[in-house]
Each structure stands twice: as C-alpha cells, then as structure tokens.
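One letter stands for each residue in the lines below.
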Amino acid sequence: MTRSPEQLPTVPGAYELVEPAAKPNLGLLYATAGASAAGGFASDAAARALPVLRRSPLGKVLPGSLLRRGGDRLRAALEVPRVAHVVEGLVVTPEWHEKFCRVVHATPGPLTPGSSETAVFSGALHSVAFPVAMSVLTRQDFPLPVMGMVHLTNTVQHVMDVAVGEELTATAWTENLRSHRAGTVVDAVVTLARTDGTVVWAGRSGYLAKGRTAAVAGEDARTGEDESTPSSLGVPFKAPQQTAQWSLPADTGRQYAGVSGDYNPIHLSGPSAKALGMKGAIAHGMYTASRALAATAVPAGTGFSWSVEFAAPVLLPTTVTVAVHDDGRREHWKSSRVTVWNGERNKPHLELVVKPL
C-alpha cells in the first residue's frame, strides 16, 4: 500500500520558501548556534558550552563574536519563523553511505530485489535531511536555543527507496511549538523529493528546549501535563525477551559525528556534555535509532514508516540490552519492534516501531 500524498507533511500555506545561499554545513550551523548563545538568544547552559566549542573540531569556524557575550534579550511570546528552507542537489555518495552504514551496523541493500543499484539506508537519509532542518533551527528569528536541545521523538515515512547517487531536494520547516512540563517542544519537519517533485521520504522530529517555559504565541496557558501520552516505555517498564547486546564505547558519539556531521557537544565527551547540564556524553538519538532500524527485517523495495520514542539517554560508555521482534519475513513481513534498555537498572532507552505503508 502506498501512502497518499495528502497524508505526507506539507509546508504550511503561510510559510515563505527560502533557498539558503549555500548548502547547510552542520559545523557552521553549530557555530551559529554558539554565536546565538553569545548574543543572548540561548540558555545559560548553551553559553557555558562556548569554551568547549572553541576546543572542539568546530573551533576553526567559530566567529570572533564568540569571544564576548552579549546581553540577554527577552521575548514576550515564542513563535517559530514562518519559512521553509529548500536545498536542491543533495546526493548520497557511495563512499559516505558505506561509512555511515558501517558505523550504525547497517547492511546496504539493493534498490529492488535483484537490482545492481544500492538503496540508501533510511537512517542515512535522515543525516542528509538534518542539516537543512538545522539551518531553520539556527535562524536568528528561531526562538529556542539549539545547544542542549533534547531529542524526544522521531517519525519517518520512507515512501520509496532512493538509489545511492540519486539527486534529491530537501525542504525543512518548524511547526507545532508547544509548552511542556519541562520546557518547550517544537517539531522540525523535513521532506526529501526527487527532481520531479515526488516525495520519497519525510521526517518529523520533536525537540525539547529544557527550562524554556515562556508563553507560546497562540497557545492557552497550561501546566504541560497535557504533553504526556501513553507509552510502552512508561513506568513500570516491562522488559521484553532479550535478543542482543550492544557494547557502546566512549567514542561512539564521536564516531557517529564523523559520518553525520552532528558535532553537538552533548555527544562528544564528558566535559563538553557536562557543560550543557548532562551527566556525561550521551549517544546520538539517531545513532541508536538507526542501529535499531538496521536490526529489523524490512524487505527491500518496501515502503514503510518508522517511529522512535526516546526515554533515558544512553550514557557512554555502556552496554545496552536489545530486543528485536519481526512479525514475518520477506514477503510475509508485517511489522518490527525494537526495544533498547539498561539491563542492570531496567530503564528503557528507546522503542522503535516499523510498519509497512
């Protein structure tokens, strides 16, 4: 079954389409986020991260403005910018795709059964799309601090496979800004389309800016408890039957940053993560999600959706317990579910659910 176009996310009608002057570069975008912290747009935690940024691989591209800290500027109400960034000419190269798949333990598959062309792994498509989403999140008129944001959820519609080397256009915007009991949540939405405009992949990520509890424009006052939704990761957590273990070394975040370009300091080292209020370096949410997706039995050439809910962060280094359940194989595949948790403390890290479209 193919998902009809009206069920895919579309740019809100009031939004302006904007083409960035250059293709977004995550290193430069994190530098921009640091500059916003220096200018007073970000949280105190983000400002504390600036010394870490200067010593990180991003130090060479940080602007001189990061040497000084500007005054705070307060906003009466939060609103997301009504713009969507459009970037054309995005291509997944064979070399990069092989490296990405190696890091997340994914096995590249054929575009269609028996095809000589390689299909781009869906987790890799997220890394292609993410810099364009970040270019929106780091705009000066975006109201929340990017540094230290927590990735809560991710939902992807993998409508059809894309060949390695195929040209794509990414369109990204933010929406659904809302209060949360721990701060403010926003959705970052990205679609990937072929040159003829056919959307092949769409992703929605929910991010929490902790401690940012200012009023949201157009939203009634509430306590934030409305954000809670039923979840199989709730308390008490009932662990499924274990099928595997993952040993995640201290440099897991740096390995994933090397292929994804996501050098968020919370993933790089203990000191850089602690500067942003974490207990230590944590694994990228999309690393664990991609690795979980790679463990499933989705057949080649199948359109599917995958959604992931994150619970406790994966503090590095560690060994996590994993359960993979596939309902059917090959042409009889119906769904997959992957749960990752801390086996010693019985605390869940994430649950990924995959279903055919």
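This part covers the sheet that holds strand β13 (residues 347-356). Across the sheet, 11 strands lie side by side as β1-β2-β6-β7-β8-β5-β10-β13-β12-β11-β9; this open sheet has mixed pairing. Only two strands of the sheet have a single neighbouring strand rather than two, namely β1 (16-18) and β9 (244-248). Across this sheet, the average inter-strand angle for adjacent strands is 20 degrees, counted without regard to direction. As judged from the three bridges shared by β1 and strand β2 (residues 83-91), these two strands associate in the parallel manner. Within β2, the residue paired with V18 across the bridge is H85. Packed onto the sheet, helix α5 (residues 122-137) meets β2, β5 (150-158), β6 (167-180), β7 (183-193), β8 (199-210) and β10 (304-310) and runs at close to 65 degrees relative to β6.

Within the structure shown, the criterion is met by seven salt bridges. For R139, the salt bridge goes to D141, with nearest N and O atoms at 2.8 Å. The partner of D326 in a salt bridge is R329, with the nearest N and O atoms 3.5 Å apart. Judged by relative accessible area, R329 falls into the exposed class, the value being 52%. Members of the salt-bridge network, linked through shared partners, are E175, R178, D187 and R204.

On to the nonpolar core. In this structure, W306 and L352 are the most contacted members of the largest nonpolar core, which totals 78 residues. No other element matches α5, which puts 10 residues into this core. Those residues within four positions of W306 in sequence are excluded, and the remaining contacts are S122, N154, T155, V156, M286, A289, L293, L352, V353 and V354.

What follows deals with the environment of S307. Locating S307 in the fold gives a position in strand β10. Between the C-alpha atoms of S307 and V353, which are 46 residues apart in sequence, the distance is 5.5 Å.

Quick look at the pairing of strand β12 (residues 335-342) now. Across the eight residues that make up β12, a large majority, six, are buried. The pairing of strand β11 (residues 318-327) with β12 spans seven bridges and is classified as antiparallel. Bridging from a neighbouring strand, V322 pairs with V340 of β12. Both β12 and β13 contribute to a ladder of seven bridges, which runs antiparallel. Its bridge partner being in β13, V340 is matched across the sheet by L350.

A few words now on the packing of aromatic side chains. Geometry of an aromatic ring pair is reported as the spacing of the ring centres plus the angle between the planes. The full count for this structure, using the stated rule, is five aromatic pairs. Members of the aromatic cluster, each reached through a chain of ring pairs, are W96, F100, F121, Y256 and Y287.

Rules used in this analysis
Residues numbered from 1 in each chain as written. Predicted model: local features only at pLDDT ≥ 70, side-chain atom pairs only at ≥ 80, totals over all residues. Heavy atoms only, no water. Pairing = 2+ DSSP bridges. Helix = DSSP H or I, 4+ residues; strand = E, 2+ residues; numbered from the N terminus. Axes fitted to C-alpha atoms, helices over the stretch in contact; angles between N-to-C directions. Contact = heavy atoms within 4.5 Å. Salt bridge = Lys/Arg side-chain N within 4 Å of Asp/Glu carboxyl O. Buried < 20%, exposed > 50% of the residue type's maximum accessible area, 1.4 Å probe, protein only. Core = buried A, V, L, I, M, F, W, Y, C linked by side-chain atoms within 4.5 Å. Phe/Tyr/Trp six-rings, centres within 6.5 Å; stacked < 30°, edge-to-face > 60°.

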